[in-house]
Amino acid sequence: MPISATAKNTGISVKKLLPVVDMVRGMNVEEALDALTFQPTVAASHVAKVVRSAAANAENEIFARPADLVITEIYANQATSLKRFRARARGRASRILKRSSHITVVVDEIEEL
């Protein structure tokens, strides 16, 4: 039974999250957390937090151990953007978009053969 966790409005753009998300897709939860621990980006700590949350949800809902869980789906979607303006020459203004994102992680138990 797949269990999910979502972090909304993380304050990091999707473009910065995609390499980290692609790295852990399909990994075991413990391996993913180990890999994310040693990544130098801020995005890795946000993704690790959501992976830990999904593992905790699975532990509470279906009594699964984190060692038995695998990340089946993980994706980052665009959230709302903060719109700001910067003063430019000759009384003009230019727009600044501070992008944000939603991170979703879906974990499931490893199928025994």
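Please refer to the structure placed before this passage.
This text gives an overview of the structure that appears in the document. Quick caveat: nothing in here was measured; it's all calculated off a predicted structure.

Conventions and cut-offs
- Residues numbered from 1 in each chain as written.
- Predicted model: local features only at pLDDT ≥ 70, side-chain atom pairs only at ≥ 80, totals over all residues.
- Heavy atoms only, no water.
- Pairing = 2+ DSSP bridges.
- Helix = DSSP H or I, 4+ residues; strand = E, 2+ residues; numbered from the N terminus.
- Axes fitted to C-alpha atoms, helices over the stretch in contact; angles between N-to-C directions.
- Contact = heavy atoms within 4.5 Å.
- Expected span 1.5 Å × (residues − 1).
- Buried < 20%, exposed > 50% of the residue type's maximum accessible area, 1.4 Å probe, protein only.
- Core = buried A, V, L, I, M, F, W, Y, C linked by side-chain atoms within 4.5 Å.
- Patch = residues over 30% accessible without salt bridge, like charges linked within 9 Å, V, L, I, M, F, W, Y side chains within 5 Å.
- Areas by Shrake-Rupley, 256 points an atom, 1.4 Å probe, with all protein chains shown as cover.
- Salt bridge = Lys/Arg side-chain N within 4 Å of Asp/Glu carboxyl O.
- Lys, Arg positive; Asp, Glu negative; His and termini not counted.
- Charge placed at Lys NZ, Arg CZ, Asp CG, Glu CD.

### Describing the sheet that holds strand β1 (residues 3–7)
Strands sit in the order β1-β5-β2 across an open sheet of 3 strands; the sheet is antiparallel. Both edges of this open sheet fall to β1 and β2 (69–78), since each of them pairs with a single strand only. Ignoring which end each strand starts from, the neighbouring axes of this sheet average 15° apart. With 9 bridges connecting them, β2 and strand β5 (residues 101–109) associate as antiparallel partners. Paired with N77 across the strands is H102, a residue of β5. Against the sheet, helix α3 (residues 42–61) contacts β1, β2 and β5, and its axis sits at roughly 145° relative to β1.

### Observations concerning α3
With 20 residues, α3 extends 29 Å between its outermost C-alpha atoms, agreeing within 8% with the 28 Å of an ideal straight helix rising 1.5 Å per residue. Close packing links the buried residues of α3 with β1, α1 (14–24), α2 (29–37), β2 and β5. Within two residues after α3, F63 carries a phi angle of roughly 55°, on the positive side.

### Section: the environment of S45
Mapped onto the elements, S45 comes out in helix α3. By relative accessible area, S45 is classed as partly exposed at 44%. Separated by 12 residues in the primary sequence, S45 and L33 have C-alpha atoms spaced 9.4 Å apart.

### Some points on the environment of A64
Here A64 is to be found in the loop between α3 and β2. A64 sits in the buried class, given a relative accessible area of 3%. The spacing of A64 and G91 is 27 residues in sequence and 60 Å in space, taken between C-alpha atoms.

### Section: the environment of G11
As for its placement among the helices and strands, G11 is situated in the loop between β1 and α1. The spatial distance from the C-alpha of G11 to the C-alpha of A79 is 8.9 Å, given a sequence separation of 68 residues.

### Focus: the nonpolar core
One recurring pattern in soluble globular proteins is that nonpolar side chains are buried together. If you look at the biggest cluster of nonpolar residues, it comprises 30 residues, and the most contacted ones within it are V29, L36, V47, V51, I71, V105 and V107. Residues within four places of I71 in sequence aside, it is in contact with V24, R25, G26, M27, V29, A32, V51, V105, V106 and V107.

### Describing a positive patch on the surface
On the surface, R84, R86, R88 and K98 cluster together into a patch of positive charge. Assignment of secondary structure puts R86 in strand β3 (residues 82–87). A residue is classified by how much of its surface remains accessible, and R86, at 48% relative accessible area, is partly exposed.

Purely geometric stuff here, so don't read any function into it on its own.
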